[in-house]
Amino acid sequence: MITLRPYQERLLDAVRAEMRHGHHAVLAVAPTGSGKTIIAAELAHRVTGNGKTIWFGVHRDFLIEQTSGSFTKVGVPHGFIAAGRPEGVVPAMVVAIDTLRSRLHRTTVKPDIFVFDEAHHCRAESWLKVWDWLGPQTRIIGLTATPQRLDGAGLGVIPGKPGGFSSLVQGPTTADLMRLGMLSGYRAFAPSTPDLSGVRTVAGDYDAHQLSEAVERSVIVGDVVDHWRRHAPGRKSVYFAVNIGFSKRLAEAFEDAGVPALHIDGTTPSAERVAAAKALAEGRVRVLVNVALMGEGFDLAAVAGLDCNVECVGLVRPTQSLALHL
């Protein structure tokens, strides 16, 4: 059992109120770091305690473990619909959305409530198939910090099409959580700007290939290290790189400067990701450089199994996406 923070309880109460008022699908918005998964785990505790069923859907493999850890922390027994996991349905389930989509033809049980994590992806074709399959008898809750999409597609109801939220509940803002002492304040430094004049925009953000070339051309790895040594020496740091090659070179540059550093990305085996997270948490590594991994939903402390206070974040990955930046 846990006790939700007051703003978490208010957000949960607001979602339940919208459902009592007849809304089939409610989108709950709260910032990164506000504890949305813990809110969902407590909701699962209450729902299953009332004899109902609830499934929590995630879109990345590491989120299965993280969500399971949150459910365990709250004391919610649960099963899985995920590759490599034993099959069998219990009142609370942690679900890999792609796995469920591939098993729709043989999945006959549907939950009373389905929670879509990172719900701004709900316009994706695979997600819409799951939503359509759930049908009107299942109530939908979406969780997101960033209720906008680069392609401009709205998240509301579109007549004649599956999916879409009929109600949005706004939780606290990032500034609110800073004032409450729940998130830390920060200082931002911008030492230089890559020349992106020749990089075209595709689907609302920089073209990935051209962006990689521009960053490789105009960002000097040594300058990134020198900037860290000036402003954040010794601080536990996470860096976001534009591609794997650049990320590995940046980690090597930190190492060459006497700063223990590691690179991880989406292809890094799970055991290595856990080891890297533990190394940062324990202070054996000072800089963790990643590519497209430590963004949506990534809980460093949960992966490490230890408290880990990140003290510096480095963005060596220009973006036009507010959602990605946040």
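Report follows, based on the coordinates.

**What to know about the sheet that holds strand β6 (residues 139–144)**
Read across the sheet, seven strands follow the order β3-β4-β2-β5-β6-β1-β7 without closing on themselves; strand pairing throughout is parallel. Each edge of the open sheet carries a strand with a single partner, namely β3 (79–81) and β7 (167–170). Taking each pair of neighbouring strands and ignoring which way they run, the sheet shows an average axis angle of 20°. Where strand β1 (residues 25–29) meets β7, four bridges bridge the pair, whose relative direction is parallel. Within β7, the residue paired with Leu27 across the bridge is Leu168. The sheet contacts of helix α2 (residues 36–49) involve β2 (54–58), β4 (92–96), β5 (113–116) and β6, and relative to β2 the element is tilted by about 160°.

**A few points about the packing of aromatic side chains**
Counting across every chain of the model gives eight aromatic pairs. Residues Phe56 and Phe71 carry aromatic rings whose centres are separated by 6.1 Å and whose planes lie at 70° to one another, so their mutual orientation is edge-to-face. Here Phe56, found in strand β2, pairs with Phe71, found in helix α3 (residues 61–74); they are 15 residues apart in sequence, far enough to count as distant. The class for Phe56 is buried, based on a relative accessible area of 1%.

**Notes on a nonpolar patch on the surface**
There is a patch of nonpolar side chains on the surface, built from Val310, Val313 and Leu315 and spanning about 260 Å² of accessible area. Turning to its location among the elements, Val310 is positioned in the loop between α11 (300–304) and β13 (312–316).

**Looking at the packing of helix α1 (residues 6–20) against α2**
Where α1 contacts α2, the axes come no closer than 10 Å and their chain directions differ by 55°. Considering the angle they form, α1 stands oblique to α2. Along this stretch, α1 crosses α2, giving a crossing that reads as right-handed. Side by side, α1 and α2 meet where Gln8, Glu9, Leu11, Leu12 and Arg16 of the first sit next to Ile39, Leu43 and Arg46 of the second. When its residues are assigned to classes, the contact of α1 with α2 shows four nonpolar, one polar and three charged.

**Topic: the sheet that holds strand β12 (residues 287–291)**
In spatial order, the strands read β11-β12-β10-β13; together these four strands make up an open sheet with parallel pairing. The outermost strands of the open sheet, each flanked by one partner alone, are β11 (261–265) and β13. Each strand axis lies, on average, 20° off the axis of its neighbour in the sheet, ignoring direction. Examined bridge by bridge, strand β10 (residues 237–241) and β13 share five bridges and lie parallel to one another.

**Quick word on unusual backbone geometry**
With the exception of glycine, most residues fall at negative phi, and the peptide bonds are largely trans. Its identity as a non-glycine residue notwithstanding, Glu118 has a phi of 50°, on the positive side. On the secondary structure map, Glu118 appears in the loop between β5 and α5 (125–134). Owing to a relative accessible area of 10%, Glu118 belongs among the buried residues under this scheme.

**Some thoughts on the side chain of Ser247**
For Ser247, the position within the fold is in helix α9 (residues 244–256). Contacts of Ser247, omitting those with residues within four sequence positions, involve Ala241, His263, Val289, Asn290 and Val291.

**Side note on the pairing of β2**
The buried fraction of β2 is high, at five of five residues. Alignment of β2 against β4, held across five bridges, turns out to be parallel. When the sheet's bridge partners are listed, Ile54 is paired in β4 with Ala92. Where β2 lies against β5, four bridges are found, and the strand directions are parallel. If you follow Ile54 over to β5, its bridge partner there is Ile113.

Analysis parameters
Residues numbered from 1 in each chain as written. Predicted model: local features only at pLDDT ≥ 70, side-chain atom pairs only at ≥ 80, totals over all residues. Heavy atoms only, no water. Pairing = 2+ DSSP bridges. Helix = DSSP H or I, 4+ residues; strand = E, 2+ residues; numbered from the N terminus. Axes fitted to C-alpha atoms, helices over the stretch in contact; angles between N-to-C directions. Contact = heavy atoms within 4.5 Å. Phe/Tyr/Trp six-rings, centres within 6.5 Å; stacked < 30°, edge-to-face > 60°. Buried < 20%, exposed > 50% of the residue type's maximum accessible area, 1.4 Å probe, protein only. Patch = residues over 30% accessible without salt bridge, like charges linked within 9 Å, V, L, I, M, F, W, Y side chains within 5 Å. Areas by Shrake-Rupley, 256 points an atom, 1.4 Å probe, with all protein chains shown as cover. Salt bridge = Lys/Arg side-chain N within 4 Å of Asp/Glu carboxyl O. Parallel < 35°, antiparallel > 145°, perpendicular 65-115°, else oblique. Left-handed = near helix turned anticlockwise from the far one by under 90°. Nonpolar A, V, L, I, M, F, W, Y, C, P; charged D, E, K, R; others polar.

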